[in-house]
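Structural overview
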Amino acid sequence: MKKLSLLSVVAILLSSGLFAQKVKDKDKEEEKGGWKSDHLFIGTGLNLGFSNGFIIGLNPEVGYSINKVLDAGIATNLTYITQRSYYANSSVRYLAVGGGPFVRIWPVRMIFIGAQYEYNSITLTEKTNGVITDKATAKASSILLGLGYGNRVIGQSQFYTSIMVDALNDINSPYRDQFGRVLPVFRTGFIFYLGKNKRE
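Residues numbered from 1 in each chain as written. Predicted model: local features only at pLDDT ≥ 70, side-chain atom pairs only at ≥ 80, totals over all residues. Heavy atoms only, no water.

Here's the deal with the overall build of the protein
When helices and strands are counted, the protein shows 1 helix and 8 strands. Reading the secondary structure of the protein in the N-to-C direction produces α-β-β-β-β-β-β-β-β. In the protein, of all internal contacts separated by at least 6 residues, the share reaching a separation of at least 24 is 59%. Entry remark: accessible area of the protein is about 11,900 Å², with carbon and sulfur atoms responsible for 67%. (Helix = DSSP H or I, 4+ residues; strand = E, 2+ residues; numbered from the N terminus. Contact = heavy atoms within 4.5 Å. Areas by Shrake-Rupley, 256 points an atom, 1.4 Å probe, with all protein chains shown as cover.)

Examining the pattern of salt bridges
On inspection of all chains with the given rule, the structure shows 3 salt bridges. Between arginine 104 and glutamate 61 there is a salt bridge, with its nearest N and O atoms 2.8 Å apart. Of this pair, arginine 104 sits in strand E4 (residues 90–108) while glutamate 61 sits in strand E2 (residues 53–65), and the two are 43 residues apart along the sequence. Look at arginine 104 and you get buried, because its relative accessible area is 6%. (Salt bridge = Lys/Arg side-chain N within 4 Å of Asp/Glu carboxyl O. Buried < 20%, exposed > 50% of the residue type's maximum accessible area, 1.4 Å probe, protein only.)

What to know about the sheet that holds E2
On the basis of which strands lie adjacent, the closed barrel formed by 8 strands has the order E1-E2-E3-E4-E5-E6-E7-E8 and antiparallel pairing. The sheet shows a mean angle of 20° between the axes of neighbouring strands, direction not considered. Relative to E4, strand E3 (residues 70–84) is paired through 15 bridges, and the arrangement is antiparallel. Note that in E4 the partner of asparagine 77 across the bridge is glycine 98. (Pairing = 2+ DSSP bridges. Axes fitted to C-alpha atoms, helices over the stretch in contact; angles between N-to-C directions.)

Looking at the side chain of asparagine 59
Within the secondary structure, asparagine 59 sits in strand E2. Classification of asparagine 59 as buried rests on a relative accessible area of 1%. Only 2.9 Å separates the side chain of asparagine 59 from the side chain of asparagine 47, close enough to count as a polar contact. Setting aside residues no more than four positions away along its own chain, asparagine 59 makes contact with Gly43, Thr44, Gly45, Asn47, Thr76, Asn77, Gln116, Glu118 and Arg187. (Polar contact = N/O pair within 3.5 Å; in protein donor to acceptor, adjacent residues only side chain to side chain.)

Details of the environment of valine 108
Along the chain, the position of valine 108 falls in strand E4. According to the relative accessible area criterion, valine 108 is partly exposed, its value standing at 46%. Sequence spacing of valine 108 and valine 69 is 39 residues, and the spatial spacing of their C-alpha atoms is 7.8 Å.

Some thoughts on a nonpolar patch on the surface
A cluster of nonpolar side chains, namely Leu46, Leu48, Phe50, Phe54, Ile56, Leu58, Leu78, Tyr80, Leu95, Val97, Ile163 and Phe186, defines an oily patch on the protein surface of about 990 Å² accessible area. If you trace the backbone, leucine 48 turns up in strand E1 (residues 40–50). (Patch = residues over 30% accessible without salt bridge, like charges linked within 9 Å, V, L, I, M, F, W, Y side chains within 5 Å.)

Let's talk about the confidence of the model for the protein
As a general rule, the predicted coordinates of low-pLDDT regions are not to be interpreted in detail. This prediction gives the protein a mean pLDDT of 80; 78% of its residues lie at or above 70. Segment residues 9–30: pLDDT under 50, and 2 contacts once partners within four positions in sequence are set aside and those in other chains are kept. (pLDDT = per-residue confidence, 0-100.)

Section: empty space enclosed by the protein
In the structure shown here, the tally under the stated rule is 1 cavity of 30 Å³ or more. Considering only enclosed or pocket space, the largest cavity measures out at about 70 Å³ in volume. Along its surface, the largest cavity is lined by Phe102, Val103, Arg104, Phe112, Gly114, Ala115, Gln116, Tyr160, Ser162, Met164 and Arg187. At the level of elements, E4, strand E5 (111–128) and strand E7 (158–166) are the ones that each hand at least two residues to the lining of the largest cavity. No other element matches the 4 residues that E5 contributes to the lining of the largest cavity. In the lining of the largest cavity, the residues fall into 6 nonpolar, 3 polar and 2 charged. (1 Å grid on protein atoms, 1.4 Å probe; cavity = no way out; pocket = protein on both sides within 12 Å on 5 of 7 lines; lining within 4 Å. Points joined across faces, edges and corners; volume = space filled by probe spheres on them. Nonpolar A, V, L, I, M, F, W, Y, C, P; charged D, E, K, R; others polar.)

Regarding the environment of leucine 40
For leucine 40, the position within the fold is in strand E1. Separated by 22 residues in the primary sequence, leucine 40 and valine 62 place their C-alpha atoms 7.7 Å from one another. When sequence neighbours within four positions are dropped, the list of residues in contact with leucine 40 reads Trp35, Val62, Gly63, Tyr64, Phe192, Tyr193, Leu194 and Gly195.

Structure, rendered in structure tokens:
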């Protein structure tokens, strides 16, 4: 009976060791390449900007951490802008809806370089003394470039802050005022990974 119990314990220990080795081998294979569910994330950013007016926007996104330094994905855009007009008691209001791809490069764990292409459909409304005097629609492309700060750990939720500017010179860009001047955009965002972090 003792021999049987001892053999059972040895068999369990051996099978546990083999199982642990298989898990390690599987983790190594996943690290080499292929789809990793804990690298997929969703999130949203909140834009704020000030310069001869006010910018506020929301940027829901879905992305994937390709490797230790690179995130990429698609972001959507809903931005509301108010600006003082050329004339007294006048203001111009924009509503921009659009989206496009983004990348974030993390040369170090807490700093990233960001780039995002946006194609926006814009509705413009001009008011004088509270009365609508003009309405128009436009399309505009933007490439937002900037730097950000965050705490990047793949598989864990993140918070980041960045400052970006539009590198294109499209006169209809929601990130330029009516005089063509660049409006810096401050973005704060949250990211949540969808898969379970296997390294926890």
